[in-house]
Amino acid sequence: MGSIVWGKDIAEVYDMTYAAKFDPSNLGPIVRVLAQLARGGAVLEFAVGTGRIALPLRAQGVQVHGIELSPHMVEQLRTKPGAESVPVTIGDMTTTRVRGVFTLVYLVANTIMNVTTQDEQLAVFANAAAHLESGGCFVVEVMVPALRRVAPGEVSRVFTLEADHVGIETFDDAVGQIASSHHWIAVGGRLVRHSAPYRYVWPSELELMGRIAGFRLRARWAGWDRTPFTSDSVSQVAVFEKVP
Ligand SMILES: C[S@@+](CC[C@H](N)C(=O)[O-])C[C@H]1O[C@@H](n2cnc3c(N)ncnc32)[C@H](O)[C@@H]1O
């Protein structure tokens, strides 16, 4: 299963669908953590999307470059103020190289899961390491697999139930760790239907992938406010440091 290019339909409604994620109260802590880890150097966002993080980070004076698979998502980014100072390379974060050495590479919003095999997820780590200076950081934000929230005997759960957005995930293949998220989104008088498979990653597996790619886990938080990651955490922000 290869990478899936997000289409025009989902690109056009991404910002409206995830409006809460664009709220300054949500973005503020993320941008603060990333700017601090950048230590004044250039940073690279894998899967930059419509620039939700890259643009406010750039506005803080950080040099940001993006890699993004979907030209449609980048088209949305290009309509925004400040976009001209965020260069984006269209390509797959498993293999695409951009020029330069970075102090920080980051991959947020569960997007490591959009890469649907373990080997390719490992390739994302290797690619991050290849772009980083020694001691540089790779930050990964990803959910903890929600299998504990699926009722016994069931293989699906509703994760969003709102008037304008219904989201259901199905756990399709426990061996390959493949699930699918299915969305029905009402926006601007249209009903957009979007389904995509993803590969969930266990916290211990993420740490091991980092180690295989030459990182050590410097910190792991439950969120961008740096609260400790525990057995009850539903998400993690993992900070990997490239071992000299
Ligand atoms: C959930 S969005 C996140 C976008 C942005 N980082 C944000 O936080 O809003 C996931 C993005 O990953 C991109 N993507 C998926 N697979 C990719 C890959 N293999 N390489 C680069 N980008 C990819 C999609 O096109 C989409 O723009």
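Predicted, not measured: the structure shown is a model, and the values here were computed from it.

Visitor: I would appreciate a short explanation of helix H2 (residues 24-38) in the present structure.
Guide: Within an α-helix, residues lying three or four positions from one another point in the same direction, as the helix has 3.6 residues per turn. Here H2 contains 15 residues, and its C-alpha end-to-end distance of 20 Å stays within 8% of the 21 Å for a straight helix at 1.5 Å per residue. Burial in H2 covers these residues: Leu-27, Ile-30, Val-31, Val-33, Leu-34, Leu-37 and Ala-38. On an axial view of H2, the arc spanned by its buried residues comes to 165°, and they lie on one face. In H2, the exposed positions angled more than 90 degrees off the buried face are occupied by Pro-24, Ser-25, Arg-32 and Gln-36. Residues of H2 that are buried sit in contact with strand S1 (43-46), helix H3 (54-59), strand S4 (102-107), strand S5 (132-143), strand S10 (215-221) and strand S11 (235-242). Directly beyond the C-terminal end of H2, a positive phi value near 50° is found at Arg-39.

Visitor: Can you walk me through the packing of helix H5 (residues 118-131) against helix H6 (residues 203-212) in this structure?
Guide: As a packed pair, H5 and H6 sit with axes 9 Å apart at the nearest point and diverge in direction by 55°. By the angle between their directions, the pair H5 and H6 is classed as oblique. As for the relative orientation of H5 and H6, their crossing is right-handed in sense. Residue-level inspection shows Gln-118, Gln-121, Leu-122 and Phe-125 of H5 in contact with H6, the latter providing Glu-205, Leu-206, Met-209, Gly-210 and Ile-212. Taken together, the residues of the contact of H5 with H6 sort by class into five nonpolar, three polar and one charged.

What counts, and where the lines are drawn
Residues numbered from 1 in each chain as written. Predicted model: local features only at pLDDT ≥ 70, side-chain atom pairs only at ≥ 80, totals over all residues. Heavy atoms only, no water. Helix = DSSP H or I, 4+ residues; strand = E, 2+ residues; numbered from the N terminus. Expected span 1.5 Å × (residues − 1). Buried < 20%, exposed > 50% of the residue type's maximum accessible area, 1.4 Å probe, protein only. Arc of directions from axis to C-beta. Contact = heavy atoms within 4.5 Å. Axes fitted to C-alpha atoms, helices over the stretch in contact; angles between N-to-C directions. Parallel < 35°, antiparallel > 145°, perpendicular 65-115°, else oblique. Left-handed = near helix turned anticlockwise from the far one by under 90°. Nonpolar A, V, L, I, M, F, W, Y, C, P; charged D, E, K, R; others polar.

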